[in-house]
Amino acid sequence: MPDYRQLREQMVAKQIVRRGITDPALLAAMRTVPRERFVGEAVKAQAYDDRPLPIGAGQTISQPYIVAAMIEGIGIGNGGIGAGDRVLEVGAGSGYAAAILGRIAGQVFAIERHASLAGQARRRMRELGYANVDIREGDGTLGLAGEAPFDAILVSACGPDVPSALKTQLAVGGRLVMPVGGEVQRLCRITRLDDDHYEVDWGEAVTFVPLIGKQGWLGI
Ligand code: SAM
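Criteria and cut-off values
- Residues numbered from 1 in each chain as written.
- Predicted model: local features only at pLDDT ≥ 70, side-chain atom pairs only at ≥ 80, totals over all residues.
- Heavy atoms only, no water.
- 1 Å grid on protein atoms, 1.4 Å probe; cavity = no way out; pocket = protein on both sides within 12 Å on 5 of 7 lines; lining within 4 Å.
- Points joined across faces, edges and corners; volume = space filled by probe spheres on them.
- Helix = DSSP H or I, 4+ residues; strand = E, 2+ residues; numbered from the N terminus.
- Nonpolar A, V, L, I, M, F, W, Y, C, P; charged D, E, K, R; others polar.
- Near = heavy atom within 4 Å.
- Polar contact = N/O pair within 3.5 Å; in protein donor to acceptor, adjacent residues only side chain to side chain.
- Areas by Shrake-Rupley, 256 points an atom, 1.4 Å probe, with all protein chains shown as cover.
- Sits in = over half its atoms within 2 Å of the grid points.
- Salt bridge = Lys/Arg side-chain N within 4 Å of Asp/Glu carboxyl O.
- Buried < 20%, exposed > 50% of the residue type's maximum accessible area, 1.4 Å probe, protein only.
- UniProt positions renumbered as here; feature names shortened; annotations may be inferred.
- Contact = heavy atoms within 4.5 Å.

This brings us to the layout of surface pockets. For the largest pocket, the calculated volume is near 550 Å³. Tallying contributions element by element places helix 3 (residues 64-74) first for the lining of the largest pocket, with four residues. Here the residues of the lining of the largest pocket sort into 21 nonpolar, 14 polar and four charged.

So this is what it looks like as structure tokens:
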């Protein structure tokens with residue numbers, strides 16, 4: 001069997017730190033969460049490769065660096081997310097990004113539209129003892145109004161625009177990061193300044209699966 005602990009250390013050093021990610025809490029989480037437990041047997045040996053991998057239902061677990069870059073984008077420590085914060089992820093997929101968030105934030109909710117993936121992710125959280133990560137099945141473009149407001153929201157699939165439901169479920173001062181676009185996708189960061197105002201920043205070009213839902217790509 002491969003030495004997954006060593007592969008995980010190498011992944012953090014070569015793919016994450018070398019590309020400029022420095023936050024200690026994020027690096028510690030990436031050194032801890034066993035990515036090999038979030039993929040199927042057929043691709044386990046590639047779990048620490050520098051790329052996305054198939055997870056079933058035509059979906060993927062994102063490249064480790066992209067997970068790290070998006071989480072760094074929502075901010076950690078010093079005004080960013082920490083142990084007292086509530087975070088929402090839309091597009092839970094395997095549950096890997098939600099598990100990383102769960103090592104940093106106090107409470108994580110993650111929504112997945114495919115029942116089979118949501119079920120597997122929920123089972124993984126139970127088996128790994130990640131009790132502060134709550135996996136829900138449904139259309140994440142509508143957010144989770146009953147659990148809002150969120151200090152941060154991560155959207156792990158690409159939509160035509162930032163869903164208004166998610167903007168309104170951000171706490172004042174909260175940040176949302178998601179890929180936005182069609183053929184060309186870019187990371188978009190929204191910061192809620194007050195009840196009615198949001199600051200928008202654009203980041204790097206990315207490639208994500210589509211965000212499908214009432215406030216995403218409806219019915220594609
Ligand atoms: N973060 C995931 C991980 O760590 O494995 C990878 C996410 S994958 C790139 C994107 C996921 O978003 C897919 O599993 C897809 O089914 C899901 N998705 C797409 N539209 C969605 C929606 N409206 N609500 C919830 N999940 C959605």
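What follows is about the site of the ligand. Residues in contact with the ligand amount to 27 residues; listed here are only the nearest, Glu89, Ser94, Glu112, Gly140 and Ile212. Between the ligand and Glu112, the relevant distance is 2.7 Å, taken from an oxygen atom to a side-chain nitrogen or oxygen of the residue. The separation between a nitrogen atom of the ligand and a polar main-chain atom of Gly140 is 2.8 Å. In the complex, the protein chains occlude 99% of the 600 Å² of accessible area that the ligand would expose alone. With respect to the pocket detection grid, the ligand is positioned in the largest pocket. Elements with a minimum of two residues in the shell around the ligand: strand 2 (59-61), helix 4 (96-102) and strand 4 (107-112). If you tally residues by element for the shell around the ligand, the top one is strand 2, at three residues.

Pairing is possible between side chains that carry opposite charge, provided their charged atoms lie close to one another. This structure, assessed with the given rule, holds eleven salt bridges. Between Arg19 and Asp50 there is a salt bridge, with its nearest N and O atoms 2.6 Å apart. With a gap of 31 residues between them, Arg19 in the loop between helix 1 (4-17) and helix 2 (24-32) and Asp50 in the loop between helix 2 and strand 1 (53-56) connect regions that are remote in the sequence. For Arg19, a relative accessible area of 38% gives the class partly exposed. For Asp49, the salt bridge is made with Arg51, and the minimal N-O distance between the two is 3.8 Å. In this structure Arg51 comes out as partly exposed when scored by relative accessible area, which is 38%. Salt bridges linked by common partners bring Arg86, Asp134, Arg136 and Glu147 together as one network.

What follows is about the UniProt feature "active site" (unreviewed entry) in the chain. What UniProt calls "active site" (unreviewed entry) maps, in this numbering, to Ser62. In this fold, Ser62 is placed in the loop between strand 2 and helix 3. For Ser62, a relative accessible area of 18% translates into the label buried. Those residues within four positions of Ser62 in sequence are excluded, and the remaining contacts are Arg35, Pro52, Val67 and Phe208.

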